[in-house]
Amino acid sequence: MTSEAAVSTPPAMSVTPAKRDYYWLRSFVAGGVAGCCAKTTIAPLDRVKILLQAQNPHYKHLGVFSTLRAVPKKEGFLGLYKGNGAMMVRIFPYGAIQFMAFDNYKKLLSKQIGISGHIHRLMAGSMAGMTAVICTYPLDVIRARLAFQVKGEHRYTGIANAFHTIYLKEGGILGFYRGLTPTLIGMAPYAGFSFFTYGTLKSLGLKHFPELLGRPSSDNPDVLVLKTHVNLLCGGVAGAIAQTISYPLDVARRRMQLGAVLPDSEKCVSLSKTLKYVYNEYGIKKGLYRGLSLNYIRCVPSQAVAFTTYEFMKQVLHLN
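Within each chain, residue numbers correspond to sequence positions counted from 1 in written order. Local features in this predicted model are restricted to residues whose pLDDT is 70 or higher, and side-chain atom pairs enter the listing and the counts only when it is 80 or higher, whereas totals over whole chains, interfaces and linings include all residues. The basis for every side-chain value is the complete set of heavy atoms in the structure, and neither hydrogens nor water enter the calculation.

## Thoughts on the environment of Ser-218
Strands are runs of DSSP state E lasting at least two residues, helices are runs of H or I lasting at least four, and both sets are numbered from the N terminus onward. Within the element layout of this structure, Ser-218 appears in the loop between strand S2 (214-216) and strand S3 (223-226). Throughout, exposure labels follow a simple rule: accessible area from a 1.4 Å probe, protein chains only, divided by the maximum for the residue type, with under 20% read as buried, over 50% as exposed, and the rest as partly exposed. Overall, Ser-218 belongs to the exposed group, its relative accessible area being 60%. Sequence spacing of Ser-218 and Asn-320 is 102 residues, and the spatial spacing of their C-alpha atoms is 9.4 Å. In this structure the side chain of Ser-218 is engaged in a polar contact, spanning 2.9 Å, whose partner is the side chain of Gln-315. Here a polar contact is recorded for every N or O atom pair within 3.5 Å, except that within protein the pair must consist of a potential hydrogen donor and a potential acceptor, and residues adjacent in sequence are included only if both atoms are side-chain atoms.

## A word on the side chain of Gln-315
Relative to the elements of secondary structure, Gln-315 occurs in helix H12 (residues 292-316). Taking relative accessible area as the criterion, Gln-315 reaches 6% and is therefore assigned buried. Excluding residues that lie within four positions of it along the chain, Gln-315 makes contacts with Arg-215, Ser-217, Ser-218, Asp-219, Val-225 and Asn-320. Contacts are assigned to residue pairs that have any heavy atoms within 4.5 Å of one another.

## Focus on the nonpolar core
By nonpolar core is meant a set of buried Ala, Val, Leu, Ile, Met, Phe, Trp, Tyr and Cys residues that side-chain atoms within 4.5 Å join together. Among the nonpolar cores identified, the biggest contains 26 residues, and Ala-30, Phe-99, Tyr-198, Leu-226 and Phe-307 are the most heavily contacted of them. A per-element tally of this core places H12 first, with five residues. Among residues more than four places away in sequence, those in contact with Ala-30 are Tyr-310, Met-313, Leu-317 and Leu-319. Counting residues in hydrophobic clusters, the runner-up holds 22 residues, among them Met-87, Tyr-94, Leu-180 and Leu-184.

## Re the domain arrangement of the protein
Domain extents, as shown, originate in an automatic or database domain assignment. Segmenting the protein into domains produces domain 1 (23-170 + 291-315) and domain 2 (182-289). Between domain 1 and domain 2, the C-alpha centre-to-centre distance is 11 Å. Between domain 1 and domain 2, the residue contacts involve 43 residues of the former and 46 residues of the latter. Accessible area, probed at 1.4 Å, shrinks when two parts are joined; the buried area is that loss added up over both. Buried surface at the junction of domain 1 and domain 2, both sides included, amounts to about 3900 Å², of which 62% is carbon and sulfur. When the buried area of domain 1 at its contact with domain 2 is split by residue, Gln-53, Phe-307 and Gln-315 rank highest and sum to 17% of it. Salt bridge criterion: a side-chain nitrogen from Lys or Arg within 4 Å of a carboxyl oxygen from Asp or Glu. Across the domain 1-domain 2 interface, the total number found is one salt bridge. Across the pair Glu-311 and Lys-202 runs a salt bridge, and its minimum N-O distance is 3.2 Å. Secondary-structure elements contributing two or more residues to the side of domain 1 that touches domain 2 are helix H2 (43-53), helix H4 (84-113), helix H5 (119-148) and H12. Among the elements that take part in the side of domain 1 that touches domain 2, H5 stands out by supplying 15 residues, more than any other.

## Some thoughts on the packing of H2 against H12
Each pair of packed helices can be summarised by the angle the axes make with each other and by the distance between the axes. Here, axes are lines fitted to C-alpha atoms. For helices the fit covers the stretch in contact, and angles between N-to-C directions go from 0 to 180 degrees. It is the contact of H2 with H12, at a shortest axis distance of 10 Å, that shows an interaxial angle of 155 degrees. By the angle between their directions, the pair H2 and H12 is classed as roughly antiparallel. Between H2 and H12 the crossing geometry is left-handed. Contact residues: H2 offers Leu-45, Asp-46, Val-48 and Lys-49, while H12 offers Leu-294, Asn-295, Ile-297 and Arg-298. When an angle is under 35 degrees it counts as roughly parallel; over 145 it counts as roughly antiparallel; between 65 and 115 it counts as roughly perpendicular; any other value is oblique. Left-handed describes a crossing whose near helix is turned anticlockwise from the far helix through less than a right angle; right-handed describes the clockwise counterpart.

## Some details on H4
Bend at a given residue is defined as the angle between two axes, one fitted to the seven residues that end at that position and one fitted to the seven that begin there. Along H4, the helix axis deviates most sharply at Ile-91, where the bend reaches about 30 degrees; the proline Pro-93 sits within four residues downstream. Looking at the residues trailing H4, positive phi occurs at Gly-114, about 90 degrees.

## Concerning the pattern of salt bridges
What the rule picks out here adds up to six salt bridges. Asp-46 is paired through a salt bridge with Lys-39; the nearest N and O atoms lie 3.4 Å apart. For Asp-46, a relative accessible area of 2% gives the class buried. Residue Lys-39 is classed as buried on the basis of its relative accessible area of 15%. One connected set of salt bridges, linked through shared partners, spans Arg-47, Glu-75 and Lys-82.

## As for the UniProt feature "repeat: Solcar" (unreviewed entry) in the protein
UniProt positions are given in the numbering used here, feature names are shortened, and annotations may be inferred rather than shown by experiment. According to UniProt, the feature "repeat: Solcar" (unreviewed entry) maps to residues 22-108, 116-204 and 226-316 in the numbering used here. Secondary structure content for residues 116-204 is 74% helix and 0% strand, while the C-alpha to C-alpha distance between its ends is 15 Å.

## Considering the packing of aromatic side chains
A pair of aromatic rings is counted whenever rings of Phe, Tyr or Trp (Trp by its six-membered ring) have centres within 6.5 Å, and the orientation is called stacked for planes under 30 degrees apart, edge-to-face for over 60 and tilted otherwise. Evaluated as defined, the whole model comprises 13 aromatic pairs. Taking 5.6 Å as the distance between ring centres and 75 degrees as the angle between the ring planes, the aromatic pair formed by Phe-99 and Phe-195 counts as edge-to-face. One end of the pair, Phe-99, is in helix H4; the other, Phe-195, is in helix H7 (residues 180-208), with 96 residues separating them in the sequence. Phe-99 sits in the buried class, given a relative accessible area of 6%. With relative accessibility at 4%, the residue Phe-195 sits in the buried group. For the pair Phe-102 and Phe-195, a centre-to-centre distance of 4.1 Å together with 20 degrees between the ring planes defines the contact as stacked. Of this pair, Phe-102 sits in helix H4 while Phe-195 sits in helix H7; the two residues are 93 residues apart in sequence, bridging distant segments of the chain. Chaining the aromatic ring pairs together yields one cluster made of Phe-99, Phe-102, Phe-195, Tyr-198, Phe-307 and Tyr-310. We call a charge positioned over a ring when the NZ of a Lys or the CZ of an Arg lies within 6 Å of the ring centre and within 35 degrees of the ring normal. Sitting above the plane of the Tyr-94 ring, Arg-90 keeps its charged end 4.5 Å from the centroid.

Here is the structure:
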């Protein structure tokens, strides 16, 4: 029996083009479902993170848990899920592209370029994360704008209205790509270290403790996969490490995305200016790392659910 990490897809010449296309489709669906499950799990925490990162005037004096209590009182329980519709529209293609691109970049780096070992996971993860961001970024901007709104002070009535308003008032297509640079710069280490840490923990665990940590895949008994609780643990650790490294860039990204919504938007027009402004105005703990405790709480279950769901979907859709 071999570990899943050591098993590759059959050579292209052994499968027909139709079957190859079907494999890509199944891989796309598996990644999309994984992304949706992960984000739905932590949607309330995502809303609070955006409110705190961008210093929303209604909640900026509160902490993480007090904001979680205050939002339902002010906006109702569904206020915790504001912007989640836009998130689901974005996260399915985002998760699908990211996971599918990671698998393909990893094969490209190892087979075509000759880069192997743990480093190809880091590179493939970074490339996959940036690919997914570029393809779905406008939806992320819309989601951030909707989540930042507070009941009674709505600038946008919904996803379609937000698209229309930003396009007309913020420079057309370019208005949807505010904050793309810090997002890409932040995504490279985040996705890279996330996939790198998870993949490394997975391969080491299955190599050195196969009976303790592994079990046969449900769709292919010759492939060894991690047990569910081990998968969750590895995914959580991967998310925590990745978030710690990339968090200040995430803060800068959110402030740039929110653009004209913020009263100090003219000071957040580039990555360097935004980072400098946030540092000078709020410092490290209350500025660049504001909301990090919440991010630890949200990234651990999010990444744990994402990786675990993806592994489960790979078995359901016979991708192993």
